[in-house]
Amino acid sequence: MPGIQEESMESERIKGQHPNGQLMVLGSSWSALALNSLTSLVRKQGDRKPKAASAMAAILITSFSIVRRHFYEIFLSIHRVLAVMVVTATWIHVPGKLVSIPTIYLLVACCLWASLHLLRTCQILYRNVRNWGPSCTVSIESLPDAYQVRAKISRPWKYRAGQYVYLCVPRASYSSFFQSHPYMVAWWYPYDKDQDIVVFIIQRQKGFSQSLPSSSNSSQSTELRAMIEGPYGKEIHLDEYGTLLENFHNYDAKARRIVLFWQVDSEEHLQWVEQWMTDLLEQDSEYVLDIRLFVTGNYITNGAEHGKVGRVGRHDRIIVNYRGLDVENLIRSEIEGRKGRSVISLCVNSYVGEQVREAVRQMLDKDIYLKELPFHPL
């Protein structure tokens, strides 16, 4: 479900797209650029360079995905310190000439790093400061196992499907000022002539999301100062396809048929976007959109049990299946007999994603395309 993020997944999905990730890239570049000179110096001077060598080894070890996914903030801080250690140690032990090749490598890398961070700082200030004061606030409402976060944006941008931003709420906890987490935009709407509201659905996890203060009443939601960085992400263009199978987002699609399959662990989770789905169906006067929900547990509807099928929403257009997704049969039933190009847009866990990819591989004779969003649940 786009816009519903799990905190521990953030780093692996976005490496190389966010300025924080630039440190990892530049740190690796520093190591690669200085490796030749550092290696020769170590050979000549024995074990006088253990700190730089150890720092480079630590950068490699801490760059593994398991570290980034589960300890992202720690990884980021450690990576910065290690990168500085590598550059400093290399600078101290390169030949004394300022115009030597190793020195030029280091200067170019440092200047590039400084320029990128300067641009990033300017972007953050532009997005969050107006009339010489902070302008971005968020209101937080509690949902079943999640939060609805509504950010008031004073400098709107051109919103597109597939975009995500980094959100920092300094007053959420003592350490929140140093944390910035990526969340996909669920939807947006105008607030007044100068401001928009951008909405995120954040699933409760350990760490940052656990510390978010909230209210169970939308009219009394908690409002805090925040910082937005972004947007990032690549827009997904879907207007050239006839049939679209997706896991829901704000697509500007001109398809003849759009089918949403959304699987949830608890029926309560349907409340996250219940009103939004109803609004979409009200706008769908040509009956292009077909919504099918799959609930795997924690049923709350009277009489609901595994294997049953129900209908809800206006004109009973939302089909609720009290079972898991049967990926292969669902895809085949939608693709078979369809004319024109078809696309499957994914925001699923790795297990379901592999099932979808296998089903698509068995249908290569069809004019079918597969697109995956950069975020997906664990």
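Residues numbered from 1 in each chain as written. Predicted model: local features only at pLDDT ≥ 70, side-chain atom pairs only at ≥ 80, totals over all residues. Heavy atoms only, no water.

### Observations concerning the overall build of the chain
Defined as follows: Only DSSP runs of H or I covering at least 4 residues are called helices, and only runs of E covering at least 2 are called strands; the numbering of each starts at the N terminus. Should any heavy atoms of two residues lie within 4.5 Å, those residues are counted as being in contact. Using a 1.4 Å probe, accessible areas were evaluated by the Shrake-Rupley method; residue-level cover was limited to the displayed protein chains.
The number of helices and strands found in the chain is nine helices and 18 strands. Taking contacts inside the chain between residues at least 6 apart in sequence as the whole, the part at least 24 apart equals 72%. Just so you have it, the chain exposes about 19400 Å², and 54% of that area is on carbon and sulfur atoms.

### Regarding the pairing of strand E16 (residues 318-321)
This is how the line gets drawn: Burial here depends on accessible area, computed with a 1.4 Å probe over protein chains only, as a share of the maximum for the residue type. Under 20% is buried, over 50% is exposed, and the range in between is partly exposed. By this definition, two strands are paired if DSSP reports at least two bridges between them.
The side-chain alternation of E16 yields two buried faces, one formed by Ile318 and Val320 and the other by Ile319 and Asn321. Relative to E16, strand E14 (residues 289-295) runs parallel, the two being bridged by four bridges. Note on E16: the bridge partner recorded for Ile291 is Ile318. Here strand E15 (residues 309-312) runs beside E16; their pairing, made up of four bridges, is antiparallel. Bridging from a neighbouring strand, Val309 pairs with Asn321 of E16. Counted along the chain from E15 to the antiparallel partner E16, the turn is five residues long, and its residue Gly313 has a positive phi close to 85°.

### So, the pattern of salt bridges
Using the following cut-off: We define a salt bridge as a side-chain nitrogen of Lys or Arg found within 4 Å of a carboxyl oxygen belonging to Asp or Glu.
Summed over all chains, the structure comprises 12 salt bridges. Measuring nitrogen to oxygen at the nearest pair gives 3.0 Å for the salt bridge that ties Arg257 to Glu334. Highlighted residues: Arg257 in strand E13 (residues 257-264) and Glu334 in helix H8 (residues 327-335), separated in sequence by 77 residues. Arg292 is paired through a salt bridge with Asp290; the nearest N and O atoms lie 3.1 Å apart. Asp290 carries the same exposure label as Arg292, and that label is buried. Within this structure, Glu354, Arg357, Glu358, Arg361 and Glu372 form a network of salt bridges that share partners.

### A closer look at helix H9 (residues 350-361)
The line we're drawing: Expected span of a helix, by definition, is 1.5 Å for each gap between consecutive residues, and there is one gap fewer than residues. Directions pointing from the helix axis toward each C-beta atom define the arc. Pairs of N or O atoms within 3.5 Å make up the polar contacts considered here, provided that, within protein, one atom can donate a hydrogen while the other can accept it, and that residues adjacent in sequence are counted only when both atoms are side-chain atoms.
Compared with an ideal rise of 1.5 Å per residue, which puts 12 residues at 16 Å, H9 spans 16 Å between its outermost C-alpha atoms and is within 8% of the ideal. Residues Val352, Gly353, Val356, Ala359 and Val360 constitute the buried set of H9. Down the axis, H9 shows its buried residues gathered within 125° of arc, on one side only. With respect to the buried face of H9, the exposed residues turned more than 90 degrees away are Ser350 and Tyr351. The secondary structure elements touched by the buried residues of H9 are H8, strand E17 (342-346) and strand E18 (368-372). Its side-chain oxygen placed 3.3 Å from the backbone nitrogen of Tyr351, Asn349 serves as the N-cap of H9.

### A look at the confidence of the model for the chain
Note the threshold: pLDDT: the predictor's confidence for each residue, scored from 0 to 100.
Looking at the chain, the pLDDT average stands at 77 and 78% of residues meet or exceed 70. Residue range residues 40-48 is modelled with pLDDT below 50. Its contacts to residues more than four positions away, or to other chains, number five contacts. Throughout residues 248-252 the model reports pLDDT below 50, and contacts reaching past four residues in sequence, or to other chains, amount to 26 contacts.

### Details of the sheet that holds strand E7 (residues 181-184)
For clarity, the threshold we go by: Every angle, taken between N-to-C directions, lies between 0 and 180 degrees, and every axis is a line fitted to C-alpha atoms, over only the stretch in contact when it is a helix.
Read from one edge to the other, the open sheet built from three strands follows the order E7-E6-E11, with strand pairing classed as antiparallel. The open sheet is flanked by E7 and strand E11 (227-232), the only strands paired with a single partner. Each neighbouring strand pair of the sheet contributes to a mean axis angle of 30°, computed without reference to strand direction. Pairing of strand E6 (residues 164-168) with E11 involves four bridges; the strand directions are antiparallel. Bridge assignment links Cys168 to a residue of E11, and that residue is Met227.

### Quick look at a nonpolar patch on the surface
Which entries qualify depends on this criterion: Patch definition: residues with relative accessible area over 30% and no salt bridge; like charges joined within 9 Å; nonpolar side chains (Val, Leu, Ile, Met, Phe, Trp, Tyr) joined within 5 Å.
Side chains of Trp91, Ile92, Leu98, Val99, Ile101, Ile104, Tyr105, Leu107 and Val108 sit close together on the surface and give an oily, nonpolar patch of about 900 Å² of accessible area. Broken down by secondary-structure element, the contributors of at least two residues to the nonpolar patch are helix H5 (72-93) and helix H6 (101-128). With respect to the element layout, Tyr105 can be found in helix H6.

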